[in-house]
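In case you want the letters, here they are:
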Number of protein chains: 2
Amino acid sequence: MAAYLQQLAESLDFSLEQRAMGIQAGTPNLELPPVLLGRLGTDSNKKTILIYGHYDVQPAEKSDGWTHEPFEVFQHKDGRLIGRGITDDKGPVIAWFNAIQAYQRSGVELPVNLIFCIEGMEESGSEGLESLIRLEKSRYFKDVDAICISDNYWLGSTQPVLTYGLRGCSYYALKISGPNADLHSGVFGGTCREPTNDLIHLMSKLTNPQGDILIPGLQELVAPLTTEEAKLYDNITFSMQDLYKGLGNSYSARFESEKETLMARWREPALSIHGIEGAFAAPGAKTVIPASVTGKFSIRTVPNMEPAKVDKLVFDYVNKCFQDLHSHNQMTVSLINTGKWWLSSPKDVNFEAAAKATEAVWGKAPDLTREGGSIPVCLIFEQTLGKNVLLLPMGRGDDGAHSVDEKLDVLNYIEGTKTFIAYLHYISNT
Amino acid sequence: MAAYLQQLAESLDFSLEQRAMGIQAGTPNLELPPVLLGRLGTDSNKKTILIYGHYDVQPAEKSDGWTHEPFEVFQHKDGRLIGRGITDDKGPVIAWFNAIQAYQRSGVELPVNLIFCIEGMEESGSEGLESLIRLEKSRYFKDVDAICISDNYWLGSTQPVLTYGLRGCSYYALKISGPNADLHSGVFGGTCREPTNDLIHLMSKLTNPQGDILIPGLQELVAPLTTEEAKLYDNITFSMQDLYKGLGNSYSARFESEKETLMARWREPALSIHGIEGAFAAPGAKTVIPASVTGKFSIRTVPNMEPAKVDKLVFDYVNKCFQDLHSHNQMTVSLINTGKWWLSSPKDVNFEAAAKATEAVWGKAPDLTREGGSIPVCLIFEQTLGKNVLLLPMGRGDDGAHSVDEKLDVLNYIEGTKTFIAYLHYISNT
């Protein structure tokens, strides 16, 4: 993908350089995928806009339930482009190249200078990127005026949005080790403390069955809801049908109202248990007592939760719960990766330009939204470069990022590209 | 493996026929592996002994932690033969051919007629075998006088045993379905009822943290402990060190005494949670909310637990616990496979012959033991043919059947083969 993007850039008369990112943490010699850096235009009379995207994707295998090979784009006759990464984030990245192509082919001079920063570790905590941004702050990125990121989604499937807030994510591993090898459950069942049993009991203490987090002190870190903020949720174009479409049903929804749902997604923490590493996970029956199992869970964080404080509350609580189990197996809880929440200012000219662009292309003003997902780089760009960060999404809320049959509608791809073009126009006039 | 065994038989002047077993249940066209049937000798003046074994094995991959390729036999300098299936059950199966070879090469006439029944579905519930045994009861198996099975282990690592009891196993799948596709935990976390969360809470109700089964009525099905039975456990050569060696440590043990441990293994039910299908199980971090997850657990059953009664108690309890969760996701609990417990008579001549053989080869009388594992075919043979079934183990309790680096000691292989030879001699004289 990196090479493909470099070819695309060459065809548009600029170049993307591969920046080596060193060795992945915790591995002896696994090289991190390179970051692609590129610049188009050096006119000091123009604004300089930094475009961020990523070319890495979540894992996918056809056997997960995809209707087609996940790493080949399939265009459905209903207008969906289907493939892993099509909306997260390869589609939007390539659309920026289409936008440049449109300016060039129509003979209109690009109204801004563009800087590209396209990474390959977004789905794994953007390892190494923060160092790069700090390093290039006063070099490659020194004249950046604003940052535009298209790596999120509309809330629903009809109303364009601009996004000014994201939840953070702290991802934990909870490992329990017992016997020194997997055991036959017939021979040993009933005579040993099984690590999987410890783990299930431990993970059952993380939330109640309704999904409320049971970690003491965590909710106290959350910013109180003001009357002003509470009103915001009344004016968002969002219906429970949008959620139901994303879920594929109504009965899996946690709340009945739009307002509760939006608040749960945008301004409340959430804890998800993702699975167990080391236990039997294949179809069929295997009569094994796993020697060592690692539960994976993450907490989506919101203002004003400090990640380090969250870690401490999690570790203290998990350690206490494990003590309560009176197991003599060995337990360790650790942080796999973390990304802080982000809250921007939607009154900046960067957002104003994007709002005008959206209205020009889609014929309606965008909703100003926050999102539940995490893009740690937003915060890093904002804090390091001191410039406004705009999230200008291309895809819809039902695109199924990270899921099977991830899609991007052709309409969103084309109108989204036009919105990118118009955004560059309007931002140049501010 | 089936073809290899057929070659072995040919080299010993008899033949093993492949008996086709039809299509696997629940699959459109997956053929069951064949059962191998063979007969050596038709002398009506001799006893006819049925030897049962299996050539299928548990799954294994080097990446599970094996020190060598699991499907190549590796002879360690400490005397261990290492490889998947070496003790369960390929080693003992091949040893029977060595026993015949020994008679033939030494010019001693085989003192019994032998019938072989070697299947390929033992690790998957012996599908189809019961029908075959019923079909051949008055044909292939009509003159069988006794059955000998070598598909279990010594209790420890020094004392030979004969085994007259086994636990059964009922294996369940607990499936919870919510969203119709995997979801991004950032976008949807906090707004939906997550199937994994439901499953963790549900599975935490199966046992308490100590491992005691919480299913009401289950313990009432267990045969009461008589004074006579209680005494048996005092005379078994077994120390906690044997258990610790199997576990690889002492702290994962559930009980402190030999007697409690033996009773937990032989005469008490046990519930093991084996893992979750459909959740994230790989190394690293994946921020997914699985759409549908299936928890796997099994219950080891003992006299007098009727499998159908156990199923009903399990289903009723799981359904009640799920109702208590007030989740609107969908739950189904089902039985994947079942095998009943088995209790034989160790006072039969079949056991007497094996005891003499053991004493002749090993220089000491065997302990009479029961085991925790399940070999449903024991019960099927006994009930269908109406003859005594003997379990005459070759390997040791620390062989690690179903585990990584499964082993069989060369000493046990050689002395065990001699024991088979002597058993054929003694049984012919009863």
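By convention here, each chain's residues receive numbers from 1 onward along its written sequence. Chains carry letters from A onward and ligands carry numbers from 1 onward, assigned in written order. With the structure being a predicted model, the display of local features is reserved for residues of pLDDT at least 70 and the display and counting of side-chain atom pairs for 80 or more, all residues being used for whole-chain, interface and lining totals. With hydrogens and water excluded, all non-hydrogen atoms of the structure serve as input to the side-chain values.

A. Spatial organisation of the pairing of strand β3 (residues 48-54) of chain A. Residues and elements named next belong to chain A. For each residue, the accessible area found with a 1.4 Å probe, counting protein chains only, is set against the maximum for its type, and the residue is called buried under 20%, exposed over 50%, and partly exposed in between. A run of H or I in DSSP counts as a helix once it spans at least four residues, and a run of E counts as a strand once it spans at least two, with each numbered from the N terminus. Counting buried positions along β3 yields 7 of 7 residues, so the element is predominantly enclosed. Side chains T48, L50, Y52 and H54 project from β3 onto one buried face, and the interleaved I49, I51 and G53 project onto a second face that is buried too. Pairing geometry for β3 and strand β6 (residues 113-119), over 7 bridges, is parallel. Across the sheet, G53 pairs through a bridge with I118, a residue of β6. Strands are treated as partners if at least two bridges between them are detected by DSSP.

B. Representation of helix α1 (residues 2-11) of chain A in the model. Residues and elements named next belong to chain A. All of the buried residues along α1 are A2, L5, Q6 and A9. Along the axis of α1, the buried residues cluster in a sector spanning 105°; they form a single face. More than 90 degrees from the buried face of α1, the exposed residues found are Q7 and S11. By definition in these notes, contact holds between two residues if any of their heavy atoms fall within 4.5 Å. Those residues of α1 that are buried are in contact with β1 (16-19), β2 (35-40), α2 (90-105) and β6. Phi turns positive one or two residues past the end of α1, at D13, with a value near 65°. For this quantity, the arc is that covered by the directions from the helix axis to the C-beta atoms.

C. Looking closely at the domain arrangement of chain A. All names here are of chain A. All the domain ranges listed were derived from an automatic or database domain assignment. When the domains of chain A are assigned, the result is domain 1 (2-166 + 342-428) and domain 2 (168-223 + 267-339). In this structure, domain 1 and domain 2 have C-alpha centres spaced 34 Å apart. Taken together, the 7 residues of domain 1 in the interface contact 6 residues of domain 2. In this assembly, domain 1 packs against domain 2 so that about 500 Å² is buried in total across both faces, 52% of it on carbon and sulfur atoms. Each polar contact in these results corresponds to two N or O atoms within 3.5 Å; when the atoms are within protein, one needs to be able to donate a hydrogen and the other to accept it, and residues that are neighboring in sequence are counted only if both atoms are side-chain atoms. Taken together, domain 1 and domain 2 are joined by 0 residue pairs in polar contact (both at pLDDT 80 or more). Residues that form the side of domain 1 that touches domain 2 fall into these classes: 3 nonpolar, 3 polar and 1 charged. Buried area is calculated as the accessible area (1.4 Å probe) missing from two parts once they are joined, with the contributions of both summed. Classification convention: Asp, Glu, Lys, Arg as charged; Ala, Val, Leu, Ile, Met, Phe, Trp, Tyr, Cys, Pro as nonpolar; all other residues, Gly among them, as polar.

D. Region of interest: the relation of the copies chain A and chain B. Once turned by 180° and shifted 0.0 Å along the axis, chain A lies on chain B with an RMSD of 0.1 Å. On this basis, the relationship between the two copies can be described by a two-fold rotation axis. Closest to the rotation axis within chain A is the C-alpha of I200 of chain A, separated from it by 2.9 Å. A shared interface surface links the copies, since 100% of the contact residues of chain A are contact residues in chain B too. We place the copies in one frame by least squares, fitting the C-alpha atoms of every residue whose pLDDT is at least 70 in both.

E. Geometry of the sheet that holds strand β5 (residues 80-82) of chain B. Residue and element names in this part refer to chain B. Judged by pairing direction, the sheet is antiparallel, and its 3 strands sit side by side in the order β4-β5-β18 without closing on themselves. The open sheet has two free edges, formed respectively by β4 (74-75) and β18 (407-409), since each of these has just one partner strand. Examined bridge by bridge, β5 and β18 share 3 bridges and lie antiparallel to one another. Looking at β18, one finds that L81 is bridged to L408. The convention used is that axes are lines fitted to C-alpha atoms, helices contributing only their stretch in contact, and that angles between N-to-C directions extend from 0 to 180 degrees. Taken strand by strand, helix α12 (residues 410-428) contacts β4, β5 and β18, and its axis lies near 65° from that of β18.

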